[in-house]
Structure formats: C-alpha cells, structure tokens
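# Analysis of the macromolecular model
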Amino acid sequence: MENYLDVRSKRLLIFDLGNVIVDIDMNATVEAFRTLGVDGVERYVTESHSVGGIFTQFERGEVSDISMFNEIRRLSGISSLSDSQIRDAWNAMIGNLPTQRVRVIERLKKTHTVVLLSNTNITHKECFDSLAEGYDSLSDLFDKTWYSHEMHMNKPHSDIFLKVLEYHGIQASEAVFFDDSLMNVEAAGKLGIESVHVRKGIDDISDFHFIC
C-alpha cells in the first residue's frame, strides 16, 4: 500500500542516505571484519554517532581515515591488517541505490529543493559516490548534499538541522525530513520539522505517493 504524503506546503525535502537512498547492511561489515579476525566491532559500526571516541570523530571529519584504521588495528590487536583490508571491510555495508529511488528524487526536484543529509565519513563517501545511475556523482542527483564529516557535526544534534535550515533560508515548518533512525527523526521533530521514519525492510521512498 502506498504512503500518501502531501508536501505542497513544504519547500525543502531532506533525505538521509543509508536505507533511505542507498541500501545499507551493517552485518556485511561485521562479517567482513570477522573474516579478518576482528571481533566486537558491532557497537562501533551500528552506533558510531553515539559511542564517542575516534569513531564519532571520524564521522564528524575530525580525524583522518588512516587514524581510524590505526584505531581498528589497535582495538583488534592485529597490526598486520592493511589499510585496504580495513577499508574494504568498512565499506562492505554499502549496498545498492535502486534506480526507482533516483527517479523519485528527480521528480521531487521539479517542485522542491531536495537535499541529502547524512552521517557518514570520507571512506564511505568515496564508495557510494558513484552509485547514482546516470550521474557522475551522487551529489549531482541532489540540489545540495550535507555530509557530517564535511560539516564537522552530526545527527541527532540539533545544530546540524539548524545549519541546513539556515543555509536554505527555510523555516522548520517548511521542511520534511526522511530518516531510517528513529532517534534522528525525533530530534528533527523537536525542532518543528515534519519527520518521516523510513523503516528498513518495510518502507521505501519509491512507494511513497508525494502530493506536490
């Protein structure tokens, strides 16, 4: 059954990346690390925005990918892991970007400003940036992309949402936010942004019927 969403009174549509635009499988990264002999990475992979330390710093662009890779080696006790092995395991979670989602964004851009707001890092960006069919870069699909590692701030903190609203000259009531994280959805909602929880395996933006 289609989800009907009336966005005629809105000016800005804000989409999360993982499991909203691009499919993400956290377990793929967990298993890839286990294959390398690295156990116990689940907490850092699934909760990097809240566990603190270097993983949060990496998501906020405060440390380099090499610093993060060194931390993986330290935590695992396996100093022989190469940068490429760690990078491949870290990126194993990045899945596909279905063409039908690309088409949804293209349609919405005809009537609205459509942006991407993602908690991510430089290693993941280098991996997913070429996934949008027909585009040289995923960034070209959107009117603007906002990445936590470039902004030096991340969801669910209010400053990242306020930054996006301020840049686009939009009131909170004029925006809609789509995210697979209930924590992020609730944080945006507290600011007065209409927020839609896109549940993994249940919802897909290509099934939404947008009334524009």
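Placed above this text is the structure.
A short tour of the structure in this document, coming up. (Residues numbered from 1 in each chain as written. Predicted model: local features only at pLDDT ≥ 70, side-chain atom pairs only at ≥ 80, totals over all residues. Heavy atoms only, no water.)

### Some points on the pairing of strand β4 (residues 144-147)
Here strand β3 (residues 113-118) runs beside β4; their pairing, made up of four bridges, is parallel. Within the sheet, the bridge partner assigned to Leu-116 lies in β4 and is Thr-145. (Pairing = 2+ DSSP bridges. Helix = DSSP H or I, 4+ residues; strand = E, 2+ residues; numbered from the N terminus.)

### Topic: the packing of aromatic side chains
On inspection of all chains with the given rule, the structure shows nine aromatic pairs. Ring centres of Phe-178 and Phe-210 lie 5.9 Å apart, and the angle between their planes is 65°; this geometry places the pair in the edge-to-face category. One end of the pair, Phe-178, is in strand β5 (residues 175-179); the other, Phe-210, is in strand β7 (residues 208-211), and 32 residues separate them in sequence. Residues Phe-178 and Phe-210 agree in their burial class; the two are buried. Ring centres 5.9 Å apart and planes at 35° place the aromatic pair Phe-208 and Phe-210 in the tilted group. Exposure class is identical for Phe-208 and Phe-210. Each is buried. Each member of the aromatic cluster is reached from another via a ring pair, and the members are Phe-15, Phe-178, Phe-208 and Phe-210. Directly above the ring of Tyr-167 sits Lys-144, whose terminal nitrogen or CZ lies 5.0 Å from the centroid. (Phe/Tyr/Trp six-rings, centres within 6.5 Å; stacked < 30°, edge-to-face > 60°. Buried < 20%, exposed > 50% of the residue type's maximum accessible area, 1.4 Å probe, protein only. Lys NZ or Arg CZ within 6 Å of the ring centre and 35° of its normal.)

### Observations regarding the packing of helix α4 (residues 65-76) against helix α5 (residues 83-91)
One way to put it is that α4 packs onto α5 with a least axis distance of 10 Å and a crossing angle of 95°. Put simply, α4 runs roughly perpendicular to α5. Facing Asp-65, Ile-66, Met-68, Phe-69, Ile-72 and Arg-73 of α4, the residues of α5 in contact are Asp-83, Ile-86, Arg-87 and Trp-90. Looking at side-chain class alone, the contact of α4 with α5 contains six nonpolar, no polar and four charged residues. (Axes fitted to C-alpha atoms, helices over the stretch in contact; angles between N-to-C directions. Parallel < 35°, antiparallel > 145°, perpendicular 65-115°, else oblique. Contact = heavy atoms within 4.5 Å. Nonpolar A, V, L, I, M, F, W, Y, C, P; charged D, E, K, R; others polar.)

### Looking at the sheet that holds β3
With parallel pairing, the five strands of this open sheet are ordered in space as β4-β3-β2-β5-β6. Across the chains shown, the open sheet's two edge strands, defined by having one partner strand only, are β4 and β6 (194-197). Between one strand axis and the next, the sheet turns through 20° on average, direction left out of account. As judged from the four bridges shared by strand β2 (residues 12-15) and β3, these two strands associate in the parallel manner. Counted as the bridge partner of Leu-12 is Thr-113 from β3.

### Focus: the side chain of Thr-120
Mapped onto the secondary structure, Thr-120 falls in the loop between β3 and α7 (122-128). Excluding residues that lie within four positions of it along the chain, Thr-120 makes contacts with Phe-58, Glu-59, Lys-125, Phe-128, Tyr-147, Ser-148 and His-149.

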